[in-house]
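The primary structure of each chain is shown beneath.
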Amino acid sequence: MKSNSIINYSKFLRTCSSIELKGLLFGLCLYFTLSSSITFAENVLQMGDARGEPGDRRVGIRIQGRHDGVELHGFSLSVTYPTEVLRWIGFSKLGTALEPIEPDFYIQKSDTEKGHGALGVILSYSHPIEYKEIPPTQADGPPHTLAWLYFDILSEAAVGDYPVTFQDELFDPPLFNRFSHKGQSINPFKIDGIFTIETQEALTMESVQSFPGLRATTFVHARHSQPLRGYQINMVFEKERLTLEQATLHGTDVAAHFGNQANIDFFSTELDPSYTLTLARAAAGVIFDYPIPRDPPRVLPPQTASLTGQSLVRYDFLISDSAREGGEYVLLKLEDETGDQPNINALVLGLTSILPQLNSGKIYFSTGDFTGRVVNELTREPISGVEVILDPVQNLARTDHQGRFQFRSIPPGPYSLRLNKTGFFPSYQKGYEVEGLDQVTEAPDLFLFPRPTGGEGFRRGYLNEDDLLDITDAIFLLSYLFLGDPQVTCEDAADVNDDSRMDITDPITLLEFLFLGKSVPQAPFIECGLDPSEDDLSCEQQFGCS
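Here we summarise the structure given alongside this text. Predicted, not measured: the structure shown is a model, and the values here were computed from it.

### Concerning the sheet that holds strand β31 (residues 413-420)
Phase 1: Spatially, the four strands line up as an open sheet ordered β29-β28-β31-β32, and their pairing is antiparallel. Single-partner strands in this sheet number two, and they are β29 (395-398) and β32 (427-434). The sheet shows a mean angle of 25° between the axes of neighbouring strands, direction not considered.
Phase 2: Here β31 runs beside β32; their pairing, made up of six bridges, is antiparallel.

Structure representation (C-alpha cells):
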C-alpha cells in the first residue's frame, strides 16, 4: 500500500472532554517539528472483530496499527458503534504498546446517545521533556496493538453482524483518526470491524394497527438456531385499554407444521388480570411431545432468517372504546418475572431451556406526519438537499428549498433523525415523539454546522496546512513561540484571542476551546475574513484562504 496523504497533526486530539492545562504548555511537544516532504510506506489502522451473546459483559475489540518505517509520538481514534446493541465502556491501554510507555496524555470521550467514542494520546508533553515513542512496525512483522475497546452487549440486543467503524469528523469540534510523527499527522488507511452477536434465539411480539372498539390480532414469533421442542411466553399489557379474548395456536406456524393443535401434547394458557394495578399478565406454555420425548423427537425446525418468520402463539385482543385516552398505542411487552416462582420467556432446545432475546410490540391506533426544518447553525438560513433519515424505520426524506422535510403516515412513537449534507458536518438528533391522530408533529429547527470554506482573509487558529482546527495548531504555535520553528506565515491567524500580539495566551485560548469548550477564538474564525482590529500583525498567506 502506498503512502497516505500527510495531514498535519491537527486532527490528532479533539478527543478530550476535559483537561487540566496547568503544566501543559512548557514542553507540550517540543520535540515536534514539521517537515512537509516526509512520506511513509505503510500506514494502516485496523479494527478487529468481536463476538458475544446478549447480556455478555466487557467484550473487547482490538485496534491495531501498522506504521512501517516511522515512529509514533501519538495518535487519535474516532469510532462509531450501534447503540441499539452495545453499551460503551471505553478504551483501555492494558495489553497494548502503550502499557510499558505510560503516555503523558491519555484522554477519551464518548457520546453514548449517538454511539460515538474517541481517544487521544500524546506520548510525551510534560516538562522537562522525556522523549517517548512507539517504534516502527516491520514490513514482515506484526502490527502494534494501540488500544482495546470494550463494550457490554445489551440483553435485548438482536442477533446479527454490526459494524464498529472508524469515522472522521465526529464530535464538535470534529475528531479524526490519525497517527502522529514529529508534529505531523498521517492519515492511515482504515479497516473497520464487525461485532457479531451470535445467539440466534429470540421472541418477537408483532406490532399491528387497529382502532378503539375493534379487535386486534397479533402473534409472537420465534427465531432459533436449533430444533424447538417447546416454549414459554410471558407478556404484560394495560388491562384498562385491552382485553385478551384468547391465546391460541390456530393460525400459527406451529399449528401448520403439526397439522392442528390436537397433535401437540401440551398447550396451556394463563391470564392474570390482577397482575398489578394497571397491568394484566398472559402466559402460554407449549411442549410438542410430553411427558415422554418421542423418538424421533417432535420438534419445530430451526428458523433464523427473520425475527418474524415463525409464529408460535396468536393473541386476540378487544380494544376498549376509551383506549385512545392513554395514547395512540398500547405496548405489548414480553417480560420476565423474578421471584420464587418466576414466569419467564424461554425456548426449549432439546432438553435444555434458554432465555431468548425479547422484542416487545404494540397496537397502534393511528398514524401521523413528522416535519421540520434544517438550518445553518451560523447563519440560521435554511439548507436544501439535506438527507434526513428517520430511525428506527429508516425512512428517507430530503429538505426542499425552504429547508423543510416531511414524513407522512408513520406510526406514533419515539424517533431519531440523522442528517447529512455535503459541506456540513453530519448530525444525529434524538428525542422526538410522533403523536399520531393524523396530526403533524413539528420538530424544532435542526442545525447543521458548516465545514470551513475558503475565502478572502484568514481564520484564527488555522496555522498549518491541513485546513482543520485542532491540537496540532496549538503545537504549531508553541513550537514557533519557544523554538522559533516552524515559521508562522499568518500572524493574524496566530493571534487567537485578538489582543494584537502573539504570546502564550494564544495557544492557551486554542487549547481551552478544543478541550474545555470555552474561550472561543475571535472572528474571523470558522470562515475566512478580514481582521476587525488594527494592529501591526501581518498575514502573508494562510492555507484555505486566498
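What follows picks up the thread again.
### Description of the pattern of salt bridges
Phase 1: Taken as a whole and judged by the stated rule, the model has 20 salt bridges.
Phase 2: The closest approach of N and O atoms between Asp152 and Arg87, which form a salt bridge, is 3.9 Å. One end of the pair, Asp152, is in strand β8 (residues 144-153); the other, Arg87, is in strand β5 (residues 86-92), with 65 residues separating them in the sequence.
Phase 3: Judged by its relative accessible area of 12%, Asp152 is buried.

### Some details on the sheet that holds strand β16 (residues 215-223)
Phase 1: The five strands lie next to each other as β18-β21-β16-β14-β25, forming an open sheet whose pairing is mixed. In this open sheet, the two strands that pair with only one neighbour each are β18 (242-248) and β25 (357-359). Averaged over all neighbouring strand pairs, the angle between strand axes comes to 20°, with direction disregarded.
Phase 2: Two strands pair when backbone bridges link them, and strand β14 (residues 202-205) and β25 are joined in this way by three bridges, in the parallel orientation. Bridge assignment links Thr204 to a residue of β25, and that residue is Asn359.

### Section: the side chain of Asp316
Phase 1: Inspection of the secondary structure puts Asp316 in strand β21 (residues 311-319).
Phase 2: Among the residues examined, Asp316 registers a relative accessible area of 7% and is labelled buried.
Phase 3: Looking at Asp316, its side chain comes within polar contact range of the side chain of Thr217, at 2.8 Å.
Phase 4: Aside from chain neighbours lying at most four places away, what touches Asp316 is Ala216, Thr217, Thr243, Leu244, Glu245 and Gln246.

### Describing the packing of aromatic side chains
Phase 1: All told, the structure shown has 15 aromatic pairs when counted by the stated rule.
Phase 2: Taking the centre distance of 5.5 Å and the plane angle of 75° together, the rings of Trp88 and Phe91 count as edge-to-face.
Phase 3: Ring centres 5.9 Å apart and planes at 75° place the aromatic pair Trp88 and Phe151 in the edge-to-face group. With Trp88 in strand β5 and Phe151 in strand β8, this pair connects stretches of sequence that are 63 residues apart.
Phase 4: Judged by relative accessible area, Trp88 falls into the buried class, the value being 13%.
Phase 5: Since its relative accessible area comes to 0%, Phe151 is described here as buried.
Phase 6: Here the aromatic residues Tyr81, Trp88, Phe91, Phe151 and Phe195 are joined through ring pairs into a cluster of three or more.

### Focus: the pairing of strand β26 (residues 361-364)
Phase 1: What you see with β26 is no split at all: Gly361 and Ile363 on one side and Lys362 and Tyr364 on the other are buried throughout.
Phase 2: Two strands pair when backbone bridges link them, and strand β15 (residues 208-209) and β26 are joined in this way by two bridges, in the parallel orientation. From the neighbouring strand, Val208 faces β26, where its bridge partner is Ile363.
Phase 3: Here strand β22 (residues 329-334) runs beside β26; their pairing, made up of four bridges, is antiparallel. In the sheet register, Tyr329 faces β26, and the bridge partner there is Tyr364.

### Topic: the state of the cysteines
Phase 1: Applying the stated criterion to the full structure yields one disulfide.
Phase 2: For Cys490, the disulfide goes to Cys539, at an S-S distance of 2.0 Å. Between Cys490 and Cys539 the disulfide shows an S-S torsion of about -110°. By sign, it is left-handed. Here Cys490, found in the loop between α2 (471-483) and α3 (491-494), pairs with Cys539, found in the segment after α4 (505-516); they are 49 residues apart in sequence, far enough to count as distant.
Phase 3: By relative accessible area, Cys539 is classed as partly exposed at 29%.

### Digging into the environment of Leu203
Phase 1: Position of Leu203 relative to the elements: it lies in strand β14.
Phase 2: With 108 residues separating them along the chain, Leu203 and Ser311 place their C-alpha atoms 9.5 Å apart.

### Focus on the environment of Ile344
Phase 1: Within the secondary structure, Ile344 is located in the loop between β22 and β23 (346-349).
Phase 2: When sequence neighbours within four positions are dropped, the list of residues in contact with Ile344 reads Gln232, Ile233, Asn234, Asp336, Glu337 and Leu355.

### Regarding the environment of Gly403
Phase 1: When you line up the elements, Gly403 lands in the loop between β29 and β30 (404-410).
Phase 2: Considered as a pair, Gly403 and Gly372 are 31 residues apart in the sequence and their alpha carbons are 8.2 Å apart.
Phase 3: What Gly403 contacts, discounting residues up to four positions off in sequence, is Gly372, Arg373, Val374, Pro382 and Ile383.

### Re α4
Phase 1: Among the twelve residues in α4, nine count as buried, and that is most of the element.
Phase 2: Within the span of α4, buried status applies to Asp506, Pro507, Thr509, Leu510, Leu511, Glu512, Phe513, Leu514 and Phe515.
Phase 3: Within two residues after α4, Gly517 carries a phi angle of roughly 70°, on the positive side.

Cut-offs applied
Every chain begins its residue count from 1, and numbering advances along the sequence as written. Reporting in this predicted model follows two pLDDT cut-offs: at least 70 for local features of residues, and 80 or more for side-chain atom pairs to be given and counted; totals over whole chains, interfaces and linings ignore these cut-offs and use all residues. To get the side-chain values, all heavy atoms of the structure are used, and hydrogens and water are removed first. Only strands that DSSP links by at least two bridges are regarded as paired with each other. Note on conventions: DSSP H or I runs of at least 4 residues are helices, E runs of at least 2 residues are strands, and numbering of each starts at the N terminus. Comment: axis = line fitted to C-alpha atoms, over the contacting stretch for helices; angle = value between 0 and 180 degrees taken between N-to-C directions. We define a salt bridge as a side-chain nitrogen of Lys or Arg found within 4 Å of a carboxyl oxygen belonging to Asp or Glu. Only protein chains enter the accessibility calculation, which uses a 1.4 Å probe. A residue is then buried if its area is under 20% of the maximum for its type, exposed if over 50%, and partly exposed in between. Whenever a nitrogen or oxygen atom comes within 3.5 Å of another N or O atom, the pair is scored as a polar contact, on the condition that within protein one atom can donate a hydrogen and the other can accept it, and that pairs from neighbouring residues in sequence are kept only if both atoms are in side chains. By definition in these notes, contact holds between two residues if any of their heavy atoms fall within 4.5 Å. Aromatic pairing here means that ring centres of Phe, Tyr or Trp (its six-membered ring) are within 6.5 Å. Orientation follows from the plane angle: under 30 degrees is stacked, over 60 is edge-to-face, and everything else is tilted. When two cysteine sulfur atoms lie within 2.5 Å, the pair is treated as a disulfide.

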